Amino acid sequence: MNAFTYRNGRLHVEEVDLATIAREVGTPFYCYSATALRDRFLHLRDAMAGTGTSVLYAVKANSNLAVIHLLGSLGAGADVVSAGEIHRCLAAGLDRRTIVFSGVGKSREEIVFALENGIRQINVESEGEFDRILEICVGLNKEAPVAFRFNPDVDAGGHEKISTGRQTDKFGLPAATIRQLWSRALDHPLIQPIGLAVHIGSQIHDIGLYRTAFDRLLDLAGTLDGVATLDLGGGLGIAYHDGEEAIDLDGYARLLADIRCRTDAELAIEPGRWLVASAGVLVTGVNTVKQAGPKRIVIVDAAMNDLVRPTLYDARHPVWPHLETAAPLLESVVAGPVCESGDVLAHDVLLPDLEDGDLLAIGHAGAYGAVMASGYNGRLLVPEVMVDQDRHAVVRRRPGHDEMMALETVPDLQGHDSVF
Ligand code: LLP
């Protein structure tokens, strides 16, 4: 199902006209389709049926409570990378025993919080972290279920900044180190080594890369006693623009089925982007249209602080006008009001004639959109709205300037020339 379609010439999210929401909450805002989120999750689950794989939603892609709650209610567990994300999962009603804690720099406080809350597993990413977990579980006298994140030395990911599985990347551990830590864990009364994890990158289209990583993971698992779970990571790619292919989900499912036949361990995957990206758009209003030499620049009210992917990863998101038109389309650049020339949301997109106040929707913005937003240039964090058929709800409201400033104070400098 495509949740974003034109009805009577106006772009709708399911049955709701985007302009209706824009009138209510103002622009810019993120808008998510609950039906699309459900469809994506069920599609993935059905594709993997028979492989016994559990889906741990990578909460970093979109950690809005309503999104986590919706996916959790369909049976998703969670892959988290901070205590903050554990807080969010618990607040959204997820079962703590379905939460897996990944991430390369977990602090002492975060590990304590994870153990006290009895989450399913901590994925260990360094020897230092292993020692820290060991010390903490002795101090708390609590058992720590751990998996070791394997670095398979596979170069994956659509962009240098999102490839994580190469030997020189900061993530994971080599096989030899895992073997040592595994036997230390087996000897310890409180550490339970339950499995292995691997995650090679994001926006992956080539199943062969997964196959190589999983083969190496199985080889390692075969040398260890008692591997009960294999966490196969996320990274499933989507098609952001014409000419880009999404991952072949059936091929990926066949690969999981093959892994299933080669191990008795339970399988889990950690998809983020594939589940939520296409279920969300960023809706923005046109501020003005100007000509810069040969370029037509559409200045809008959303900016790189609201959606940083085009600036940070050269990501190409589609831009859909709210009003459908048969008029000729013009090559355009869509840019925000932030004072940086990198504040461009889309290069070379085809758009109709536009007037101030017209709405545009930036597509596939449900993943790594709102979560990566900031208050740069004194801008307010962008609100989020969820639509379900003909109903909609604001699932994060736009803060006021006073709220944005509430954590800051001006020190009392009376009688001093400087703060220090
Ligand atoms: N598991 C681990 C351990 C991860 O580090 C990630 C993503 C995932 C799962 C989920 O990957 P996904 O299925 O979403 O590809 N901000 C970037 C993406 C960064 C991904 C970081 N790790 C972007 O906007 O493209």
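Per-chain numbering applies: the sequence of each chain, read as written, is numbered from 1 onward. With pLDDT at 70 or above as the cut-off, local features in this predicted model cover only qualifying residues; side-chain atom pairs require 80 or more to be listed or tallied, and sums for whole chains, interfaces and linings still use all residues. Heavy atoms from the whole structure form the basis of all side-chain values; hydrogens and water molecules are not counted.

### So, the pattern of salt bridges
Should the charged atoms of two oppositely charged side chains come close, the side chains can pair. Test applied: In the sections that follow, a salt bridge refers to a side-chain nitrogen of Lys or Arg positioned within 4 Å of a carboxyl oxygen of Asp or Glu. Only DSSP runs of H or I covering at least 4 residues are called helices, and only runs of E covering at least 2 are called strands; the numbering of each starts at the N terminus. Burial classes: relative accessible area under 20% of the type maximum marks a residue as buried, over 50% as exposed, and values in between as partly exposed (1.4 Å probe, protein chains only).
Counted under the stated rule, the structure contains 16 salt bridges. Asp388 is paired through a salt bridge with Arg38; the nearest N and O atoms lie 2.7 Å apart. Of this pair, Asp388 sits in strand E19 (residues 384–388) while Arg38 sits in helix H2 (residues 34–47), and the two are 350 residues apart along the sequence. Owing to a relative accessible area of 16%, Asp388 belongs among the buried residues under this scheme. Take Arg38: its relative accessible area is 27%, and that puts it in the partly exposed class. A salt bridge links Asp131 to Arg184; the nearest nitrogen and oxygen atoms lie 2.9 Å apart. With Asp131 in helix H6 (residues 127–140) and Arg184 in helix H7 (residues 175–186), this residue pair connects regions lying 53 residues apart in the sequence. You can call Asp131 partly exposed: its relative accessible area is 36%.

### Overview of the site of the ligand
The line we're drawing: Throughout this document, a residue counts as near a molecule or strand when at least one of its heavy atoms sits within 4 Å of that molecule or strand. Distance and chemistry together define a polar contact, namely a pair of N or O atoms within 3.5 Å, with one atom able to donate a hydrogen and the other to accept it when in protein, and with adjacent residues in sequence counting only for side-chain atoms on both sides. Each accessible area is a Shrake-Rupley result for a 1.4 Å probe, and residues are judged covered by the shown protein chains and nothing else. Side-chain classes are defined by residue name, with Ala, Val, Leu, Ile, Met, Phe, Trp, Tyr, Cys and Pro counting as nonpolar, Asp, Glu, Lys and Arg as charged, and the others, Gly among them, as polar.
In the vicinity of the ligand there are 19 residues, among which Ser202, Glu270, Arg309, Tyr313 and Tyr368 approach most closely. Separating an oxygen atom of the ligand from a backbone N or O atom of Arg273 is a distance of 2.8 Å. Side-chain polar atom of Tyr368 to an oxygen atom of the ligand: 2.6 Å apart, as the coordinates give it. When the ligand is considered free in solution it has 580 Å² of accessible area, and contact with the protein chains removes 92% of it. Here the shell around the ligand is composed, by residue class, of seven nonpolar, six polar and six charged.

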